[in-house]
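# Observations on chain architecture
Here is how the chains run, residue by residue.
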Amino acid sequence: MSKNFSERLLPRPSPESQHFWDGTKEGELRLQRCGDCGKSYFPPRPFCPFCSSRNVLVYPASGQATLYSYVINHLPTPGFDGPHAVAVVTLEEGPRMMTNIVDCEQTPDTLVLDMPLEVTFERQNDDITLPLFKPAS
Amino acid sequence: MKHQHVAVVGAAETTEMGVIPNLTELQLHADAALNALADAGLTAADIDGIACAGVAPDVLASYLGVTPTWIDGTHIGGSSFILHVRHAMVAIQAGHCKTVIITHGESGRSAVGAAGFPEFFAGRLGGEFEVPYGGNIPPTMFTIPALRYLKEFDLTIEDLAQVAVAQRKWAALNPRATFKDPITIDDVLNSKMIAYPFTLLMCCLRTDGGGALILTSADRAKDFSQPPVYILGTGESCEGPMISQMEDYTTSRAFRVAGEIAFAEAGIERDDVDHVMIYDAFAHVPLYGLEDLGFCKPGEAAGFIRDGHTSLGGKLPTNTNGGGLSYMHSGMYGMYAMQESVRQIRGLAPAQVPGAKISVALGIGGMFSVSGTIIFGNELP
Ligand SMILES: [Zn+2]
């Protein structure tokens, strides 16, 4: 499939991350947690970055988050039409992830740090569904 | 065990600076290298250690005509060269080589024979978990921590803008600076919006250029024509290339670790420092640098700059070449920070700090990913 500038640059899942993208397709935000020290972490890997244990499990996150920080990008970016927030959210379980904030205006007045958010899933194609966040209902 | 000190005995930038459409990236390395060799009174035959980033060190060695017994191709972005200095110092102390050349050349604007940027700035995982959301270039990655920083310390966008204003004042004194005209906070705020809260004048330049340093042991350094610039302390660390995974958006762990060990190695206090260079790819970075190096308490760097302490006549002149915001920024700026530190310690800077004896240069690789710190001085401890 040929790419053009209007298409969003999509992730290419790896053996270590496939569970995450399988999860988003099923409407689930999957994190990993260490079976030894109990800490949750992101992005995916088959071991714990806090204690090096390979005893880790995949589990569904709540999808609740708060807005940690962002910029509103005004530069032309593949897959985006006009200014849009490139955001980092803190998940209820602790880890942070980059995402976009949808279903709200992309303005500093609307995007307030620490505002509560919830995950929403946006299908891109048969393989990839992206986890995005919207103001919590 | 106390090792012998190492000194900079040759330092130079490329002959031209800014827009250099007639030189390849490899030749920018070579142009800087030849200028530094001339500065030291050496030829390539005198060099037995080589380090560079962007171009592979074996490529450069054969191009220059160097037969090295020590090679370092550490390539961790903008502070690669600061790490090269640290690694070269240890190599000279260990006897692996006697005279090292460290070069940088980058056709960042004209893109002549240029390596260019990697597909993903933050590596494969960044490509998978940041790029799809628009975190694909420095203006939308490096900048993300700033709003959290401003909120935590009750600061405003004007506090970011004044960093660019302060550095432009220094650039006005530097004939080689790309931008020299004075600017106001309003000029900065009213320039083109790039990624809110960052406007164009809060973002670094993209230019062509290069620089090179030549290092040798302190006992040999005395025989060179230039006054030796001694390396008093060094530090390096990293946190990680994904900006979304930086642990605290109000402070850089890599800055703190690299700075602390450099000061400990130098055995000096912050008050002993006469001059500072902090890699300024974007206007918020000097705020982090001043605080994480321990010159200001958390949240106080903006006030420190506002009060004039980093400006002409201030107690801690900072980014006196105009910085990446106004002087030049080819993509990997760390070399230019060190060049200005060396000029200041030699007493030859365009905006010379009177009597500068100790200068600190803080470099960054990636977006708060890697850090290197070097403390230069004009005297042995
Ligand atoms: Zn663990």
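The sections below set out a description of the structure shown in this document. Owing to the predicted nature of the structure, the values given are computational and were not obtained by experimental measurement.

## Some points on the overall build of chain A
Along its length, chain A carries one helix and eight strands. Its helices and strands taken in sequence order, chain A reads α-β-β-β-β-β-β-β-β from the N to the C terminus. For 137 residues, the compact-globule formula gives about 14 Å, and the C-alpha radius of gyration of chain A, at 16 Å, lands near that figure. In chain A, buried positions account for 48% of the 137 residues. When contacts within chain A are restricted to residue pairs at least 6 apart in sequence, long-range pairs at least 24 apart make up 50% of them. When the accessible surface of chain A is summed, it comes to about 6600 Å², and 48% of that surface belongs to carbon and sulfur atoms. Across chain A, the mean location of the 12 positive side-chain charges is 8 Å away from that of the 17 negative side-chain charges.

## Some remarks on the overall build of chain B
On a plain count of helices and strands, chain B comes out with 13 helices and 11 strands. The C-alpha radius of gyration computed for chain B amounts to 19 Å, which stays within 12% of the reference 21 Å derived for 381 residues, consistent with globular compactness. The buried share of chain B, reckoned over its 381 residues, is 65%. At a minimum sequence separation of 6, the contacts of chain B that also span at least 24 residues come to 73%. Taken as two groups, the 24 positive and 40 negative side-chain charges of chain B have centres that lie 2 Å from each other.

## Considerations on the sheet that holds strand β3 (residues 56-60) of chain A
Residue and element names in this part refer to chain A. Overall, antiparallel pairing links the three strands, which are arranged β2-β1-β3 in an open sheet. At either margin of the open sheet sits one strand with a lone partner, and together these are β2 (40-41) and β3. When strand β1 (residues 30-34) meets β3, the two strands line up antiparallel, connected through five bridges. What sits directly across from Q32, in β3, is V58. Sitting on the sheet, helix α1 (residues 18-25) touches β1 and β3, and the angle it makes with β1 is about 135 degrees.

## Quick look at the coordination of the zinc ion
Residues and elements named next belong to chain A. The zinc ion binds to the protein through C34 (SG), C37 (SG), C48 (SG) and C51 (SG), with metal-donor distances spanning 2.3 to 2.4 Å. We note that the donor set of the zinc ion lies within a single chain, spaced as C-x2-C-x10-C-x2-C. For C48, a relative accessible area of 1% gives the class buried. Overall, the relative accessible area of 36% leaves C51 in the partly exposed class.

## Here's the deal with the side chain of S341 of chain B
Residues and elements named next belong to chain B. Tracing the backbone through its elements, the reader meets S341 in helix α13 (residues 334-346). Note on S341: relative accessible area 0%, which makes it buried. A distance of 2.8 Å separates a polar atom in the side chain of S341 from a polar atom in the side chain of S359.

## Overview of the pairing of strand β11 (residues 370-377) of chain B
Residues and elements named next belong to chain B. By the criterion of burial, β11 is predominantly enclosed, with eight of the eight residues buried. Burial along β11 is two-sided: V370, G372, I374 and F376 facing one way and S371, T373, I375 and G377 facing the other are all buried. As defined by bridge partners, strand β8 (residues 229-238) adjoins β11 across eight bridges and the pair is classed as antiparallel. The residue of β11 that forms the bridge with G233 is I375. Pairing of strand β10 (residues 358-365) with β11, which is carried by eight bridges, proceeds in the antiparallel orientation. Each bridged residue has a counterpart across the sheet, and for I358 the counterpart in β11 is G377. Here β10 hands over to β11 after four residues, with G366 in that stretch at a positive phi of 65 degrees.

## Re the interface of chain A and chain B
Counting from both sides, the interface comprises 38 residues of chain A and, opposite them, 37 residues of chain B. The contact between chain A and chain B buries some 3000 Å² in all, and 61% of this surface belongs to carbon and sulfur atoms. Viewed at the interface, chain B and chain A are joined by three salt bridges. Ionic pairing is found between K151 of chain B and D114 of chain A, a salt bridge with its closest N-O pair at 2.8 Å. Summed over the shared surface of chain A and chain B, the number is 17 residue pairs in polar contact (both at pLDDT 80 or more). If one sorts the elements of the side of chain A that touches chain B by residue count, strand β4 (residues 64-73) of chain A sits on top with seven residues. In terms of residue class, the side of chain A that touches chain B is made up of 26 nonpolar, eight polar and four charged.

## Details of unusual backbone geometry
Between F42 of chain A and the following residue, P43 of chain A, the backbone shows a cis peptide bond with an omega angle of -5 degrees. For the bond running from Y196 of chain B to P197 of chain B, omega is 10 degrees, close enough to zero to count as cis. One can find P197 of chain B in the loop between β5 (193-196) and β6 (198-199). Although it is not a glycine, D114 of chain A adopts a positive phi angle of roughly 75 degrees. For D114 of chain A, the position within the fold is in the loop between β6 (96-99) and β7 (116-123). Taking relative accessible area as the criterion, D114 of chain A reaches 37% and is therefore assigned partly exposed. Positive phi is not limited to glycine here, since A111 of chain B has a value of about 55 degrees.

## Considering the nonpolar core
With 162 residues, the main nonpolar core has L67, Y70 and F133 of chain A together with L215, M338 and F376 of chain B as its most contacted residues. Considering every element that reaches this core, the biggest residue donor is helix α6 (residues 157-171) of chain B, with eight residues.

## Regarding the packing of aromatic side chains
Applying the stated criterion across every chain yields a total of 17 aromatic pairs over all chains. Relative to F129 of chain B, the ring of F42 of chain A has its centre 5.1 Å away and its plane inclined at 75 degrees; by these criteria the two rings are edge-to-face. Of this pair, F42 of chain A sits in the loop between β2 and β3 while F129 of chain B is found in helix α4 (residues 123-129), placing the two residues in two different chains. In this structure an aromatic cluster arises from ring pairing among F142, Y149, F153, F198, F255, F282, Y288 and F368 of chain B. In this arrangement the basic side chain of R33 of chain A is found over the ring face of Y59 of chain A, its NZ or CZ atom lying 4.2 Å from the centre.

Rules used in this analysis
Residues numbered from 1 in each chain as written. Chains lettered and ligands numbered in written order. Predicted model: local features only at pLDDT ≥ 70, side-chain atom pairs only at ≥ 80, totals over all residues. Heavy atoms only, no water. Helix = DSSP H or I, 4+ residues; strand = E, 2+ residues; numbered from the N terminus. Rg over C-alpha atoms; globule rule 2.2 N^0.38 Å. Buried < 20%, exposed > 50% of the residue type's maximum accessible area, 1.4 Å probe, protein only. Contact = heavy atoms within 4.5 Å. Areas by Shrake-Rupley, 256 points an atom, 1.4 Å probe, with all protein chains shown as cover. Lys, Arg positive; Asp, Glu negative; His and termini not counted. Charge placed at Lys NZ, Arg CZ, Asp CG, Glu CD. Pairing = 2+ DSSP bridges. Axes fitted to C-alpha atoms, helices over the stretch in contact; angles between N-to-C directions. Donors = N, O, S within 2.8 Å, 3.2 Å for Na, K, Ca; no water. Polar contact = N/O pair within 3.5 Å; in protein donor to acceptor, adjacent residues only side chain to side chain. Buried area = accessible area lost by both parts, 1.4 Å probe. Salt bridge = Lys/Arg side-chain N within 4 Å of Asp/Glu carboxyl O. Nonpolar A, V, L, I, M, F, W, Y, C, P; charged D, E, K, R; others polar. Core = buried A, V, L, I, M, F, W, Y, C linked by side-chain atoms within 4.5 Å. Phe/Tyr/Trp six-rings, centres within 6.5 Å; stacked < 30°, edge-to-face > 60°. Lys NZ or Arg CZ within 6 Å of the ring centre and 35° of its normal.

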